[in-house]
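Structure assessment
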Amino acid sequence: MERVVLVTGASGGVGLALCRRLLGEDGRIHLCLACRNTQKAEATRDLVLQEYPAAQVSTVEVDLGNLASVLRAAQELRCRFQRLDFVYLNAGIMPNPHVNFKALWKGLLTGKVLHMLTTAEGIMTQTDRLNGDGLQEVFTTNLFGHFILIRQLESLLCGNEKPSRLIWTSSSNARESAFSLSDYQHAKGQESYSSSKYATDLTSVVLNRKFNKQGLYSSVVCPGLVMSNMTFRILPVFLWVLLMPIMFLIRFFAKTYTLTPYNGAEAHVWLFKQKPEYLDPLVKYHSCTSGLGKSFVEPRKLDVDEETAEKFYQKLLELEEQTLEKYGDLLD
């Protein structure tokens, strides 16, 4: 039987590039595009089928920032499929990003500017808000919605003849300094994106410990700096036009400047071809591009404390129990 691949955030950026590249690797897969609304999903499906007319491509509507939408999507997927071989947990948001130009200038003077430009450490903040479930929007969309989705899909992911895979889109901006167990939704801070991506890394570590024996494996990837709708919101368009030549030059010194969604999906596609049993669960796989434009994958050790990861996972389970009480009609 063909492998079934689910991709969230499939309508643009790295998600869309990933879908195209996966079909280029194996045209026999059944690709399911998970998008926030039906119109986007169908438009993306038409776009993919223009390039791969014989491909098996379906869609499912899911807004990862809305738990009712997540539960409805999980119900639909359980009815539609007997198993899932790959779930790419790629959807994410970075609302109202702000650049601290003063910090950037200080980094230039102290020689830390390259590190700051490759990780956004100290120069990028966001303004978050509560969603309709009373949860922080970035935390829910980037992590918790995905967590609820895979928890609801365990019957399709565990105990299959061949291993199933979870592949999370993390970030080089995932930093321990932005994360706190006492404020894991990051309601009090201004680095909600970084916090949510570090929480993603923690979650993946524990999922491997809990589910490897049931044939489910989790990995995290970093797409590098990709020019996408999310990135373009950080600065005015005219500034990006001026900066692009400089960014191509920076790539000679910063290999994570992948810049295009195609290059950013390199690690995602590389993992598609690997046997999960031989992968290190404590490694993040980075999409990289050389100064001359050659794409490659670089594994780097995760900067996570496994005890903190376990404590955070327990908090996720507690939050799951609390928030799902009001959605009994959407639970089996």
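Refer to the preceding data block for the structure.
This section reports on the structure supplied with the text.

Conventions we followed
Residues numbered from 1 in each chain as written. Predicted model: local features only at pLDDT ≥ 70, side-chain atom pairs only at ≥ 80, totals over all residues. Heavy atoms only, no water. Axes fitted to C-alpha atoms, helices over the stretch in contact; angles between N-to-C directions. Helix = DSSP H or I, 4+ residues; strand = E, 2+ residues; numbered from the N terminus. Left-handed = near helix turned anticlockwise from the far one by under 90°. Contact = heavy atoms within 4.5 Å. Nonpolar A, V, L, I, M, F, W, Y, C, P; charged D, E, K, R; others polar. Patch = residues over 30% accessible without salt bridge, like charges linked within 9 Å, V, L, I, M, F, W, Y side chains within 5 Å. Areas by Shrake-Rupley, 256 points an atom, 1.4 Å probe, with all protein chains shown as cover. Salt bridge = Lys/Arg side-chain N within 4 Å of Asp/Glu carboxyl O. Buried < 20%, exposed > 50% of the residue type's maximum accessible area, 1.4 Å probe, protein only. Core = buried A, V, L, I, M, F, W, Y, C linked by side-chain atoms within 4.5 Å. Pairing = 2+ DSSP bridges. Disulfide = S-S within 2.5 Å. Right-handed = clockwise from strand over helix to strand, strands pointing away.

Contact pair helix α3 (residues 67-80) / helix α6 (residues 137-152): the axes reach a minimum separation of 9 Å and the direction vectors enclose 35°. Here the hand of the crossing between α3 and α6 comes out right-handed. Only Thr 140, Phe 144, Gly 145, Ile 148, Leu 149 and Gln 152 of α6 make contact with α3, whose side of the interface consists of Leu 67, Val 70, Leu 71, Ala 74, Leu 77 and Arg 78. Split into classes, the residues belonging to the contact of α3 with α6 amount to eight nonpolar, three polar and one charged.

On the surface, a cluster of nonpolar side chains totalling about 550 Å² of accessible area is made up of Leu 249, Phe 252, Phe 253 and Leu 292. Structurally, Phe 253 is set in the loop between α10 (237-250) and α11 (261-264). The exposed category is assigned to Phe 253, whose relative accessible area is 66%.

A few words on the nonpolar core. Nonpolar side chains tend to gather and get buried jointly when the protein is soluble and globular. By size, the foremost hydrophobic cluster in this structure holds 55 residues, and its most contacted members are Leu 6, Leu 84, Phe 144, Leu 153, Leu 166 and Phe 312. Those residues in contact with Phe 312 that lie beyond four places of it in its chain are Phe 139, Leu 143, Phe 179, Leu 181, Tyr 184, Ala 199, Leu 202 and Thr 203. One finds Leu 22, Ile 29, Leu 279 and Tyr 285 within the second-largest nonpolar core, a separate group that totals 31 residues.

Turning to unusual backbone geometry, a few remarks are in order. Located in the positive-phi region is His 186, a residue other than glycine, with phi close to 60°. Within the fold, His 186 resides in the loop between β7 (164-169) and α8 (192-211). Note on His 186: relative accessible area 8%, which makes it buried. Even without being glycine, Leu 259 reaches a positive phi, approximately 70°. With a relative accessible area of 3%, Leu 259 lands in the buried category.

Here the focus is the sheet that holds strand β9 (residues 283-289). Read from one edge to the other, the open sheet built from eight strands follows the order β3-β2-β1-β4-β7-β8-β9-β10, with strand pairing classed as mixed. Each edge of the sheet is formed by a strand with only one pairing partner; in this case those strands are β3 (56-61) and β10 (295-301). Averaged over all pairs of adjacent strands, the angle between their axes in this sheet comes to 20°, without regard to strand direction. Pairing between strand β1 (residues 4-8) and strand β4 (residues 86-89): three bridges, direction parallel. Opposite Val 7, over in β4, you have Tyr 88 as the bridge partner.

Summed over all chains, the structure comprises zero disulfides. There is no disulfide at Cys 35, and the cysteine sulfur nearest it, in Cys 19, is 7.8 Å away. Just so you know, Cys 288 is unpaired, no disulfide at all, and the nearest cysteine sulfur is the one on Cys 222, 8.0 Å from it. Assessed through its relative accessible area of 0%, Cys 288 is described here as buried.

Right, let's talk about the pairing of β7 for a bit. For β7, the buried fraction is high: six of the six residues fall into the buried class. Of the two faces of β7, the one lined by Ser 164, Leu 166 and Trp 168 and the one lined by Arg 165, Ile 167 and Thr 169 are each fully buried. Sheet topology note: the β4/β7 ladder contains four bridges and is parallel. Paired with Tyr 88 across the strands is Ile 167, a residue of β7. Pairing of β7 with strand β8 (residues 216-222) involves six bridges; the strand directions are parallel. In the sheet register, Thr 169 faces β8, and the bridge partner there is Val 221. For the segment spanning β7, α8 and β8, crossover handedness is right-handed.

It is worth stressing that arrangement in space is one thing and function is another; only the former is reported here.
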